[in-house]
Each structure stands twice: as C-alpha cells, then as structure tokens.
Amino acid sequence: MSVRGAILAGGMASRFGGRPKGLARVGGERIIDRVAQVMRAALGSPPLLVANDPTAESWIADLEVRKDLLEGCGSLGGIYTALSAAAGPVLVVAWDMPFVSSELLSTLARGADDVDVLVPASAGPHGVEPMCAVYGPGCTTAIREQLANEDYRATGFHEQVTVGTLSPEEVSRHGDPETLFFNVNTEEDLARAEEIWRAQHI
C-alpha cells in the first residue's frame, strides 16, 4: 500500500513562548514549509496536517487538516490521529524538524512493507526517532489501548507490534543524524538551526 505523509503540529510549545514552532523561519523559510516540501518530494503527494490550532487551515492552503481525535495525548495522540485518517501506512514527521531530508523519508517509506513500525536509529533518549517514522495499520489498536491507559510514551506500544529499525549506518547515508533529526524546541535551538543552515549554504 502507498504511504501517506503526516506532519504532526502538536504540543503547547511551552519552551518556545507558546508560539507555533513550525511557523518559525530558518534560512528565511518557515520550518513547516520545509517539512511539507520534502514530504511531497519523497511521497509524491501532499501530507496530512495534524494540528489543533484554530488557524492551522491557513498555514498551507492545500493540506488536509485533522484535529487530534483524543485531546491531551501528546505526540502519540497525533500518531493515532494520523493513522486513523490514512487508508494505510503513514509516515509522520514533527513540524519542528527543519533538516529532515526527502531521501531519508523515501528510504523509510520503501522499507516499511514487512513491519508495523519502521523507525530510524538516533542518539535520542529512545535510541530511535519516533517523530520521523512509518506506522502501519497494525499499530492502531495497540496505540489506542496504550492511550486508554493514559500512557503517552511515543514508543510504549512497540512491544505489542513488529518494529523495524533503520540502522545508524543507513541513516548516516542521508546525512549527519544529529542534523537530520534536529528539532526546534527553544529560541536557542532556533538560533542553532540558523547556524546549521548558514553552514550548509556557504
């Protein structure tokens, strides 16, 4: 089945002054526009936008917007909403990742046929990056049950499904993992993202 893209634009952005992180600019372009562009290039179609902000429909004109089916469930609730809206597997990317590449996303989309979840290895706290990963329909029930137990860990349901991991070597073929998965949570992160962008465009 073809993979649908979904941009997750949730969170209260408490460390970003409550402002929508994905609307911040890096290199003169909004982060959300960068994410949408690489997802279109990787999947050949516009992604779904999962967002609760009342102005979300004005962010990118041709994107279908879905609000969280279950409120207050964090990023896992966003993944559940994206899965519920898609007819098959869904590739989710957080809207505050300015440097994720279309090549990496294409690799993830192509490699998810035989697993319920395909996540890339990372140096993050989980050892993988759940906010740039493919989730199949087989995850839906496991996620719903986990949310019913008020467990909002993004990888908490993995023991109930078949998980594949894109190895560190495979991830590194598409760039520096720390840059690919860099996300903007604070003003300091935004300044650092600008530095990274300038270094890439010297």
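Rules and cut-offs
Residues numbered from 1 in each chain as written. Predicted model: local features only at pLDDT ≥ 70, side-chain atom pairs only at ≥ 80, totals over all residues. Heavy atoms only, no water. Helix = DSSP H or I, 4+ residues; strand = E, 2+ residues; numbered from the N terminus. Rg over C-alpha atoms; globule rule 2.2 N^0.38 Å. Buried < 20%, exposed > 50% of the residue type's maximum accessible area, 1.4 Å probe, protein only. Areas by Shrake-Rupley, 256 points an atom, 1.4 Å probe, with all protein chains shown as cover. Lys, Arg positive; Asp, Glu negative; His and termini not counted. Charge placed at Lys NZ, Arg CZ, Asp CG, Glu CD. Pairing = 2+ DSSP bridges. 1 Å grid on protein atoms, 1.4 Å probe; cavity = no way out; pocket = protein on both sides within 12 Å on 5 of 7 lines; lining within 4 Å. Points joined across faces, edges and corners; volume = space filled by probe spheres on them. Nonpolar A, V, L, I, M, F, W, Y, C, P; charged D, E, K, R; others polar.

**A closer look at the overall build of the protein**
Working step 1: Helices and strands together make up the secondary structure of the protein, namely seven helices and nine strands.
Working step 2: Rg of the C-alpha trace for the protein: 16 Å, near the compact-globule value of 17 Å for 202 residues, within the 12% margin.
Working step 3: Counting all 202 residues of the protein, 52% fall into the buried class.
Working step 4: Accessible area of the protein: about 9,700 Å², with a carbon and sulfur share of 47%.
Working step 5: Side chains of the protein carry 16 positive and 27 negative charges; the gap between the two charge centres is 5 Å.

**Some details on the pairing of strand β9 (residues 163-166)**
Working step 1: Only one face of β9 is covered, namely the one carrying Gly164 and Leu166; the face carrying Val163 and Thr165 has none of its residues buried.
Working step 2: Bridge count for strand β7 (residues 117-120) against β9 is four bridges, and the pairing is parallel. Paired with Pro120 across the bridge in β9 is Leu166.

**Digging into the layout of surface pockets**
Working step 1: Its volume calculated, the second largest pocket comes out at about 160 Å³.
Working step 2: Taken together, 15 residues make up the lining of the second largest pocket; nearest its centre are Pro89, Ala112, Asp113, Val115 and Gly136.
Working step 3: If you list the elements that add at least two residues to the lining of the second largest pocket, you get β7 and β8 (132-135).
Working step 4: In terms of residue class, the lining of the second largest pocket is made up of 11 nonpolar, two polar and two charged.

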